[in-house]
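Observations on the three-dimensional arrangement
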Amino acid sequence: MVEISVCFEPLFNGKTDLEKIQSIHRLGYNAVEFWDLSGKDLKGIADYCQKTGIKIGICTLQDPWGNIRLHTDTNIYLQHFSESLELLKLIGSKRVIVLTGENDGQSIEIQKNQIIKNLKAISSLAEKAGIVVCLEVLNSKVDHKGYFLDSSVLGFDIIRQVNSPSIKVLYDIYHMQIMEGNIISTIQENIELIGHFHSAGVPGRHEHFYGELDYRNIFLAIQETGYDGFFGLEYWPTLSDEKSLEKVREYFLDE
Ligand SMILES: O=C(O)C(=O)CO
């Protein structure tokens, strides 16, 4: 089953994380996600999720550890990753995002091999812990100029070479529409390599019913692949947060 998960970071400005989760829950959503693990009341979040059954779809490895290519000392990276696993266990998240960091000007091959080396190094720990590490491909045209991993072809190639059931791609539909389009076919052809989805309207990164993508068809196509994971809403509302989440929910659930 595909479960919708709301990224609370761009929503409900001024509220605490716990208040944001409560508001999202009240609006009928049963899963949330967030970015950096650091600076959060993880115990408070864990207690609330346990009490209410809310799930955590995904979160990002703490800065600077989230940028996997930057770490050349694999042993230190491994040690940090193993500490992060404890935090993921506390909040009950089975998925974590890693990013690549910026393109440093070395050859694609050198940078790619560093990423593969670090992902291979953490893969057995992730497998043992039942965690899926999701390597995120971002757009380098609008939001992340200079980011290294801006091609899904390269992202899927890295995941194939790492060859672990615990290391997959985070396929962000918003970013990939900006970079390359061909969304539904790419998803269908690579679904086994995708561990999580992010989504937002293109252009603007707003509600899903605005812009050039037909998210109802995309969502249906994902369901038809048999994908059994989260579909993250990571967007900046144009309406009030409540109204926006209500309308996006209606849109996806065809209410
Ligand atoms: O930083 C971004 O733009 C992301 O999509 C993070 O998930």
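Residues numbered from 1 in each chain as written. Predicted model: local features only at pLDDT ≥ 70, side-chain atom pairs only at ≥ 80, totals over all residues. Heavy atoms only, no water.

In the annotation of an unreviewed UniProt entry, the chain is listed under the name Hydroxypyruvate isomerase and assigned to Atribacter laminatus. According to the UniProt record, the Sequence similarities (unreviewed entry) comment for the chain is "Belongs to the hyi family." (UniProt positions renumbered as here; feature names shortened; annotations may be inferred.)

1. A look at the overall build of the chain
The helix and strand tally for the chain stands at nine helices and nine strands. Its C-alpha radius of gyration of 17 Å places the chain within 12% of the 18 Å reference for a compact globule of 255 residues. Oriented by its inertia axes, the alpha-carbon framework of the chain measures out at about 50 × 40 × 35 Å. Taken over 255 residues, the chain has a buried fraction of 56%. Across the chain, contacts joining residues at least 24 apart in sequence account for 77% of those joining residues at least 6 apart. For the chain, the computed accessible surface area is about 11,000 Å², with 49% contributed by carbon and sulfur atoms. (Helix = DSSP H or I, 4+ residues; strand = E, 2+ residues; numbered from the N terminus. Rg over C-alpha atoms; globule rule 2.2 N^0.38 Å. Buried < 20%, exposed > 50% of the residue type's maximum accessible area, 1.4 Å probe, protein only. Contact = heavy atoms within 4.5 Å. Areas by Shrake-Rupley, 256 points an atom, 1.4 Å probe, with all protein chains shown as cover.)

2. Regarding the UniProt feature "active site" (unreviewed entry) in the chain
The sites that carry the UniProt feature "active site" (unreviewed entry) are, in the present numbering, Glu136 and Glu234. For this annotated set, covering 99 residues, all C-alpha atoms fall within 13.2 Å of each other, a compact arrangement in space. Along the chain, Glu136 turns up in strand β6 (residues 132-136). Beyond its immediate stretch of four places on either side in the chain, Glu136 contacts Ile97, Val98, Leu99, Tyr147, Leu149, Leu170, Asp172, His175 and His198. Mapping Glu234 onto the fold places it in the loop between β9 (230-233) and α9 (241-253). For Glu234, a relative accessible area of 5% gives the class buried. Residues in contact with Glu234, not counting those within four places in the same chain, are Cys7, Trp35, Asp172, His198, Ser199, Ala200 and Arg205. Within the structure, the side chain of Glu234 is placed 2.8 Å from the side chain of Trp35, a separation counted as a polar contact. (Polar contact = N/O pair within 3.5 Å; in protein donor to acceptor, adjacent residues only side chain to side chain.)

3. Quick look at the site of the ligand
The environment of the ligand is made up of Glu136, Leu138, His144, Asp172, His175, His198, Arg205 and Glu234. One of the side-chain nitrogen or oxygen atoms of His175 is found 3.0 Å away from an oxygen atom of the ligand. When the ligand sits alone it has 230 Å² of accessible area, and the protein chains cover 85% of it. (Near = heavy atom within 4 Å.)

4. Topic: the packing of aromatic side chains
In this structure the tally under the stated criterion is 14 aromatic pairs. In textbook terms, an aromatic cluster arises when at least three aromatic residues are bridged by ring pairs, as seen for Phe156, Tyr171, Phe197, Phe209, Tyr210, Tyr215, Phe219, Tyr227, Phe231, Tyr251 and Phe252. (Phe/Tyr/Trp six-rings, centres within 6.5 Å; stacked < 30°, edge-to-face > 60°.)

5. Digging into the pattern of salt bridges
With the rule as written, the count across this model stands at nine salt bridges. For Lys40, the salt bridge goes to Glu9, with nearest N and O atoms at 3.1 Å. Of this pair, Lys40 sits in the loop between β2 (31-33) and α2 (42-52) while Glu9 sits in the loop between β1 (3-7) and α1 (17-26), and the two are 31 residues apart along the sequence. Of the charged contacts in the structure, one is a salt bridge between Arg69 and Asp104, with a shortest N-O distance of 3.1 Å. In this pair, Arg69 sits in the loop between β4 (59-60) and α3 (74-91) while Asp104 sits in the loop between β5 (95-98) and α4 (108-129), placing the two residues 35 residues apart along the sequence. Since its relative accessible area comes to 7%, Arg69 is described here as buried. Among the charged side chains, a salt-bridge network with shared partners connects Glu109, Lys112 and Asp157. (Salt bridge = Lys/Arg side-chain N within 4 Å of Asp/Glu carboxyl O.)

6. Brief notes about the side chain of Thr74
Of note, Thr74 is situated in helix α3. When residues no more than four places from it in sequence are discounted, the contact partners of Thr74 are Lys117, Asn118 and Ala121.

7. Focus on the side chain of Arg205
Here Arg205 is to be found in the loop between β8 (194-199) and α8 (215-224). Here the side chain of Arg205 touches Glu234 through a polar contact of 3.0 Å, side chain to side chain. In this structure Arg205 touches Asp143, Asp172, Tyr174, His175, Ala200, Glu234, Tyr235 and Trp236, once residues within four positions along its chain are discounted.

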